[in-house]
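If you want the building blocks of each chain, they are given just below.
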Amino acid sequence: MDGHALTPHAGDHGDAHAGHHEIEIPYTVHPRPDTGVYNGKLGIWLFLASEVMLFGALFSTLVLLRTSAPSWPHGKEILNVPLATVNTFVLIGSSVTVILAWAYLRLGDLKKGKLFLLLTLLCGFGFLGIKTIEYTTKFSHHQFPSTNNFFATYYVMTGLHGLHVIGGMIVFAYLLLTADKWYGTKRDQFTNRVEVTGLYWHFVDLVWIFLFPILYLL
Amino acid sequence: MSSNASEHVSHEHPVDHGHDDHGSVHDGHDNSPEAIKKEIRRYLLVLGALGTLTLVTVGISRLHLPSWEAIALGLAVATIKGSLVAAFFMHLISERKLIFGVLAFTVFFFAMLLWGPWHHHYDAEREWPGHDKTNKPAAAAPANQHGSSH
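Just so we're clear, the structure is a prediction, and the values are computed from it rather than from any experiment.

> For the packing of helix 2 (residues 33–61) of chain B against helix 3 (residues 67–89) of chain B, give the residues involved together with the corresponding values.
Residues and elements named next belong to chain B. Here helix 2 crosses helix 3 at 170°, and the two axes come no closer than 10 Å. Overall, the two elements helix 2 and helix 3 adopt an arrangement that is roughly antiparallel. For the pair helix 2 and helix 3, the contacting residues are R42, Y43, V46, L47, A49, L50, L53, T54, V56, T57 and I60 in the first and A70, L73, G74, V77, I80, K81, L84, V85, F88 and F89 in the second. In the contact of helix 2 with helix 3, the residues fall into 16 nonpolar, three polar and two charged.

> Which residues make up the pattern of salt bridges, and what values do they have?
Working definition: two side chains of opposite charge can pair if their charged atoms are close together. Inspection of every chain in the model, using the stated rule, returns six salt bridges over all chains. With its nearest N and O atoms 3.2 Å apart, the salt bridge here joins E95 of chain B to K41 of chain A. Separated into two different chains, E95 of chain B in the loop between helix 3 and helix 4 (97–127) and K41 of chain A in helix 1 (residues 39–68) make up a pair that spans both. Exposure class is identical for E95 of chain B and K41 of chain A. Each is buried. A salt bridge links K131 of chain A to E134 of chain A; the nearest nitrogen and oxygen atoms lie 3.0 Å apart. One end of the pair is K131 of chain A and the other is E134 of chain A, both in helix 4 (residues 110–140) and three residues apart, which spans about a single turn. A relative accessible area of 4% places K131 of chain A in the buried class. Exposure remark for E134 of chain A: the relative accessible area of 3% places this residue in the buried category. One connected set of salt bridges, linked through shared partners, spans K41 and E195 of chain A together with E95 of chain B.

The rules behind the values
- Residues numbered from 1 in each chain as written.
- Chains lettered and ligands numbered in written order.
- Predicted model: local features only at pLDDT ≥ 70, side-chain atom pairs only at ≥ 80, totals over all residues.
- Heavy atoms only, no water.
- Axes fitted to C-alpha atoms, helices over the stretch in contact; angles between N-to-C directions.
- Helix = DSSP H or I, 4+ residues; strand = E, 2+ residues; numbered from the N terminus.
- Parallel < 35°, antiparallel > 145°, perpendicular 65-115°, else oblique.
- Contact = heavy atoms within 4.5 Å.
- Nonpolar A, V, L, I, M, F, W, Y, C, P; charged D, E, K, R; others polar.
- Salt bridge = Lys/Arg side-chain N within 4 Å of Asp/Glu carboxyl O.
- Buried < 20%, exposed > 50% of the residue type's maximum accessible area, 1.4 Å probe, protein only.

Encoded structure:
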């Protein structure tokens, strides 16, 4: 561990004169002089902006339906709050494990980096497992999206959120499987990939932080 | 990676990376081992705060407060939790201006998403007063007996 885990490499700036024949995408590791951030980070923030719009439309729909409805159930009376609380802790915990993975990769500790990536992936499985129990129970009580507007919004919002969790898990699995290869050859780029995937994962956590009280508690 | 490469980059891209005395700084992040270990401690503190606030959120829901007070309090706590995640885990506390520019647009359009349907809804209530009487938000009832059933 050299304490300078994030070090540049010549190809980062598209230098073709270093004996490379392939065309490399510039600024994959180091900040562009005009934006101040590397391309991947700007890309993920723009993507997250579009995600805010996607979930924002659903939150807006929920607010409109709830304020317009003659009556609206309290989530805490019909949904499983203890399970959802555990899921909140699982997701918050996974946000910490992914950022610890990134921190240890910056420290040059691949072993711990991979361990925390694996823990993040396991948290994802844990979250989905609990969600599956919740859905199964609801289905067994004949509470489907078609039951009423409450369940329609509950299934759409938690379902879309669950799809985002699955998406993040696929990326974490890919990062884990390719960690040895990429960390050995393009360490900084791999570390940045973990950072931007982490940003996405934190957003998924952030959405749940609002879904939990709105759907389950209020 | 060699220090030569490091120098090469910093000369080629005169971006202010927020260098300080701690060591290597990359994209706004201080990558010296001391700084990273300090960051890790901070992340664990934030984890503790988020866990505590989650319990507070659950506690608020058990207080049997009036509906709108419970919603306001619950959303306030969720906003604090979300701010902690955004500030520390997503590093907004030390992010570049461009990212804040992207976020400003996002917040504006998100606010429009919320405001648009509400504006239309209350406009409709003014136009058709009867609509107002029948569509008051009401207290909870058993799930399969209310809501706008399909």
